[in-house]
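As a plain string of letters, each chain reads:
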There are 4 protein chains.
Amino acid sequence: MLEELKQEVYEANMLLPEYDLVTFTWGNVSGIDREKGLFVIKPSGVDYDKLTPEDMVVVNLDGEVVEGDLNPSSDTPTHTYLYNKFSDIQGITHTHSPWAVSFATAGVEVQAMNTTHADNFYGPVPVAPELTKAEIEEAYEENTGKVIVDTFEQRGINPMAVPAVLVEKHGPFSWGKSAKDSVVNAKVLEVVCEMNYHALMLTNRDNRVPQYLLDKHYYRKHGENAYYGQDNAKSKDHAKKA
Amino acid sequence: MLEELKQEVYEANMLLPEYDLVTFTWGNVSGIDREKGLFVIKPSGVDYDKLTPEDMVVVNLDGEVVEGDLNPSSDTPTHTYLYNKFSDIQGITHTHSPWAVSFATAGVEVQAMNTTHADNFYGPVPVAPELTKAEIEEAYEENTGKVIVDTFEQRGINPMAVPAVLVEKHGPFSWGKSAKDSVVNAKVLEVVCEMNYHALMLTNRDNRVPQYLLDKHYYRKHGENAYYGQDNAKSKDHAKKA
Amino acid sequence: MLEELKQEVYEANMLLPEYDLVTFTWGNVSGIDREKGLFVIKPSGVDYDKLTPEDMVVVNLDGEVVEGDLNPSSDTPTHTYLYNKFSDIQGITHTHSPWAVSFATAGVEVQAMNTTHADNFYGPVPVAPELTKAEIEEAYEENTGKVIVDTFEQRGINPMAVPAVLVEKHGPFSWGKSAKDSVVNAKVLEVVCEMNYHALMLTNRDNRVPQYLLDKHYYRKHGENAYYGQDNAKSKDHAKKA
Amino acid sequence: MLEELKQEVYEANMLLPEYDLVTFTWGNVSGIDREKGLFVIKPSGVDYDKLTPEDMVVVNLDGEVVEGDLNPSSDTPTHTYLYNKFSDIQGITHTHSPWAVSFATAGVEVQAMNTTHADNFYGPVPVAPELTKAEIEEAYEENTGKVIVDTFEQRGINPMAVPAVLVEKHGPFSWGKSAKDSVVNAKVLEVVCEMNYHALMLTNRDNRVPQYLLDKHYYRKHGENAYYGQDNAKSKDHAKKA
């Protein structure tokens, strides 16, 4: 069942240690088959060096395990909630990567300060607020998804344009066009946090990029006028114009 | 004698370089056989790449070497004291890992600021005070154990719930349910110190987590209602409920 | 066509991951054949572990692709502009290395604070200002070259003596006597930024080196009186005098 | 000639990249044969991955090359000066390691703040002042040795008890009982600088250790009452007493 997706999600999970994003088992990646309404996720607490594609757990959009001998990630209800509400996302990553967790701990938004940020995130990566006592005790993981979605809705942020968030005092969640893409966004967020941290220490000025620089870099890589890489429609034109 | 425990303690010691917790020989791990009242510890000053399981030294709870050609770690009296006073611990790790030593040097407690901390330590990791001149000159290593135990007793901290400490101007000690578990806790402490440091630099606010978040994350992984991983009683329920 | 230069530029590009200067594909190196008026550059968005010498793209000094199936780096117009204006440079590197980007984000010049800097850069590495809205929308990559060249001209800096720059809110560009040399300068800049950052945090004093120390270290390694290494004219004399 | 010492000095030089103490060729190690009055040193500017034991250069205590096809390190006159004045040292290391250079750049002494420091250095690692214009122009490398020796003499520091120094705006020099020992001290200094930096950022208090803690840790590892490791006279006693 979903063998190809299991392989893909397995490989995306294995990128977490390769990209230096996890300590021990503190991370998980999932990927979804939107047609079947099923997603595949890492089992809970299994070491990366023992993980196999067959260990992946299949879950439906009601959060029920459909296939798999192992328990799915304890964060599964967060993934379920996000897949239900963010209808375009195809993969989700959660880690405790140290730079992103530092910003989440401090409750400091990841402002768009440079072109590395603008290349990947079309605006600041927001902080979703701490859950209340009631939210934590009632349905912690599901409500983690809820504060994320509420944050994006209240601030009018398109989750495909800003495919990451920091949950306050917890850590980063990211998503994307595939399981792998969500891991790439987790790495970008980690690097951008590292850069922002040092820039914030170096100066007290407002470091935010102007809108036109954000537009330029974001749309250089995304959308119909993108010209970065080998696959975008305008790449050849840009090269020729150059 | 205690061949299995020697192998286990050897492997736990070898995790120190693997987890980037030691420079040169600045660390040691021990593990105990509570029934026999004997513990096994790394020999003093031996390089990790020359260490073998046979090099491990067997010591009794009076601190006497029972077996082994090599001298045990010079910190052996600290291990002896801790095993005698913390009756549930099965393994102990001491390192000079740089983030934890930085906090110990500054005398700054490792506050519970985020879920990474709460997943592993049920409350702040305390700083045991510097030893007095008399304590140092009389029986330095044993008294290092004493200030640790006194700190936990005076503050009413359960050493199994907060399995680590910083000795002021010295460094971290951690313990756990096995030799390996004590090394895992040493790594968790190092990562949490790194995260706390950057969060402290990013903001002046009080970053501490509320009690209910500490409870949620700690008991998600520990105790009879834990549901993280594959072995906890409630894991299946959590998956189903999800 | 230009097979030797392609190999050289390929190898210089592969130094970026080896020197820890890139995340994903965020970097590019080129090298020029001045006699033929052609330069060779990395293709856009291609992973380093899939890159081959044959993938390199040949571009002329009007920025037109002369040979190559792949699109050249989207930063090609910046390289073109720099090769046209800085007539002595033979190679160019652009990265998003985290220390250099942090300084670029904060708009903080890399002052000459120590002999590591003075050995390699004869004076501060300047910050070229953010592009205006018009400059970005008109011809972003070409104008990135223009603000760099303007900065060096306005401040009277010799680009061969200070072979690097930070473009504000963007990141570092460096150049040199070959493609490889430009990568070496990118690494030196990264290390110097790391050192300056920590020195700036440690003290509020003016850390800049005096002119005579800058002269001594720079000319120990560069110019006709250089005596560092095996190839400089005065190396033997220095050894003998010693 | 001196084949054993060449091998030893070669291996000590190769520890620099292994211990993450060098970028490119920015470091050199030497070792001396006191009976013959000759020392062996790395050639100038040769890459570590191309270095062989045969490349090592033999120099006498007048600083004259006695054997070797390659030019010796441009810092050779500093080594010569130190060997002449510090009569007990058997090896010398110079690097541009980033933490130590950061402290040298800021002119901040490496105070004795914790037991890691006290285990290795019996007191603060001093900063030797910047050279004057005249000192630099006359005989830069020799005068670098002179400011180091003057600093130790003026402050009454025993170079065998504190086997390292920071030369202001330049970087660290260390020495020891052998070429390898001097590299070990270079690594200790780097780690201690990293720890001190973070401790200094975490608190404004005076972090220095009291004299009795310095004494305890230093003499646990050094001198006739040392009991750390396998070779010290009192190690067995300590184990037994424990």
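Each value, and the rule that gives it
Residues numbered from 1 in each chain as written. Chains lettered and ligands numbered in written order. Predicted model: local features only at pLDDT ≥ 70, side-chain atom pairs only at ≥ 80, totals over all residues. Heavy atoms only, no water. UniProt positions renumbered as here; feature names shortened; annotations may be inferred. Pairing = 2+ DSSP bridges. Helix = DSSP H or I, 4+ residues; strand = E, 2+ residues; numbered from the N terminus. Contact = heavy atoms within 4.5 Å. Axes fitted to C-alpha atoms, helices over the stretch in contact; angles between N-to-C directions. Buried area = accessible area lost by both parts, 1.4 Å probe. Salt bridge = Lys/Arg side-chain N within 4 Å of Asp/Glu carboxyl O. Polar contact = N/O pair within 3.5 Å; in protein donor to acceptor, adjacent residues only side chain to side chain. Nonpolar A, V, L, I, M, F, W, Y, C, P; charged D, E, K, R; others polar. Buried < 20%, exposed > 50% of the residue type's maximum accessible area, 1.4 Å probe, protein only. Least-squares fit on C-alpha atoms with pLDDT ≥ 70 in both.

- An unreviewed UniProt entry lists chain A under the name L-ribulose-5-phosphate 4-epimerase, with Suicoccus acidiformans as the source organism.
- According to its UniProt record, chain A has this under Function (unreviewed entry): "Involved in the degradation of L-arabinose. Catalyzes the interconversion of L-ribulose 5-phosphate (LRu5P) and D-xylulose 5-phosphate (D-Xu5P) via a retroaldol/aldol mechanism (carbon-carbon bond cleavage analogous to a class II aldolase reaction)."
- Database annotation for chain A, UniProt heading Sequence similarities (unreviewed entry): "Belongs to the aldolase class II family. AraD/FucA subfamily."

**Quick word on the sheet that holds strand β2 (residues 38-41) of chain D**
Residue and element names in this part refer to chain D.
Consideration 1: Within the open sheet, the 8 strands sit side by side as β4-β3-β2-β1-β5-β8-β7-β6. Their pairing is mixed. One side of each edge strand has no neighbouring strand; the edge strands of this open sheet are β4 (65-67) and β6 (127-128).
Consideration 2: When strand β5 (residues 91-95) meets strand β8 (residues 171-176), the two strands line up antiparallel, connected through 4 bridges. Directly across from G91, in β8, lies its bridge partner G176.
Consideration 3: Contacts from helix α1 (residues 3-18) reach β1 (27-33), β2, β3 (57-60), β4 and β5 within the one sheet, and its direction differs from that of β1 by about 155°.
Consideration 4: In the packing of helix α6 (residues 179-202) onto the sheet, the strands contacted are β1, β5, β7 (164-167) and β8, and the crossing angle to β8 comes to about 140°.

**Quick look at the interface of chain C and chain A**
Where the parts come together, the accessible area they lose is often given as the size of the interface.
Consideration 1: Contacts between chain C and chain A engage 44 residues on the former and 40 residues on the latter.
Consideration 2: Taken together, the two surfaces of chain C and chain A that pack against each other cover about 3,400 Å², and 58% of this comes from carbon and sulfur.
Consideration 3: Our enumeration of links across chain C and chain A arrives at 3 salt bridges.
Consideration 4: Residue E141(C) pairs with R220(A) through a salt bridge whose shortest N-O separation is 2.7 Å.

**With respect to the interface of chain D and chain C**
Consideration 1: The interface is formed by 44 residues belonging to chain D together with 40 residues belonging to chain C.
Consideration 2: For the pair chain D and chain C, the number of links is 3 salt bridges.
Consideration 3: Here chain D is connected to chain C by 18 residue pairs in polar contact (both at pLDDT 80 or more).
Consideration 4: Counting only elements with at least two residues in the side of chain D that touches chain C, the list comes to α3 (98-106), α5 (133-154) and α6 of chain D.
Consideration 5: With 8 residues, the single largest contributor to the side of chain D that touches chain C is α3(D).
Consideration 6: Along the lines of polarity and charge, the residues of the side of chain D that touches chain C split into 21 nonpolar, 13 polar and 10 charged.

**Observations concerning the arrangement of the chains**
Consideration 1: What separates chain B from chain C at the closest point of their C-alpha atoms is a distance of 12 Å, and the two make no contact.
Consideration 2: In this view chain A stays clear of chain D, with the nearest C-alpha atoms of the two still 12 Å from each other.

**Describing the side chain of T93(C)**
All names here are of chain C.
Consideration 1: Inspection of the secondary structure puts T93 in strand β5 (residues 91-95).
Consideration 2: A relative accessible area of 1% means that T93 is categorised as buried.
Consideration 3: A polar contact is formed between the side chain of T93 and the side chain of S182, at a distance of 2.7 Å.
Consideration 4: Setting aside its immediate chain neighbours within four residues, T93 contacts L16, N28, V29, P172, F173, S174, A179, S182, V183 and A186.

**Some remarks on the sheet that holds strand β6 (residues 127-128) of chain B**
All names here are of chain B.
Consideration 1: As summarised here, the arrangement of the 8 strands in space is β4-β3-β2-β1-β5-β8-β7-β6, forming an open sheet in which the pairing is mixed. Each edge of the sheet is formed by a strand with only one pairing partner; in this case those strands are β4 (65-67) and β6.
Consideration 2: Judged from the 4 bridges that link them, strand β7 (residues 164-167) and strand β8 (residues 171-176) form a sheet pairing that is antiparallel. Its bridge partner lying in β8, L166 is registered against P172.
Consideration 3: In the packing of helix α1 (residues 3-18) onto the sheet, contacts are made with β1 (27-33), β2 (38-41), β3 (57-60), β4 and β5 (91-95), and the angle to β1 comes to roughly 155°.

**A few points about the relation of the copies chain C and chain A**
Consideration 1: Between the two copies, chain C and chain A, the superposition gives an RMSD of 0.0 Å; the rotation angle is 90° and the shift along the axis is 0.0 Å. The operation mapping one copy onto its partner corresponds to a four-fold rotation axis. Within chain C, M201(C) has its C-alpha nearest the rotation axis, a separation of 5.8 Å.
Consideration 2: The two copies present different faces, since only 5% of the interface residues in chain C are matched by interface residues at the equivalent positions in chain A.

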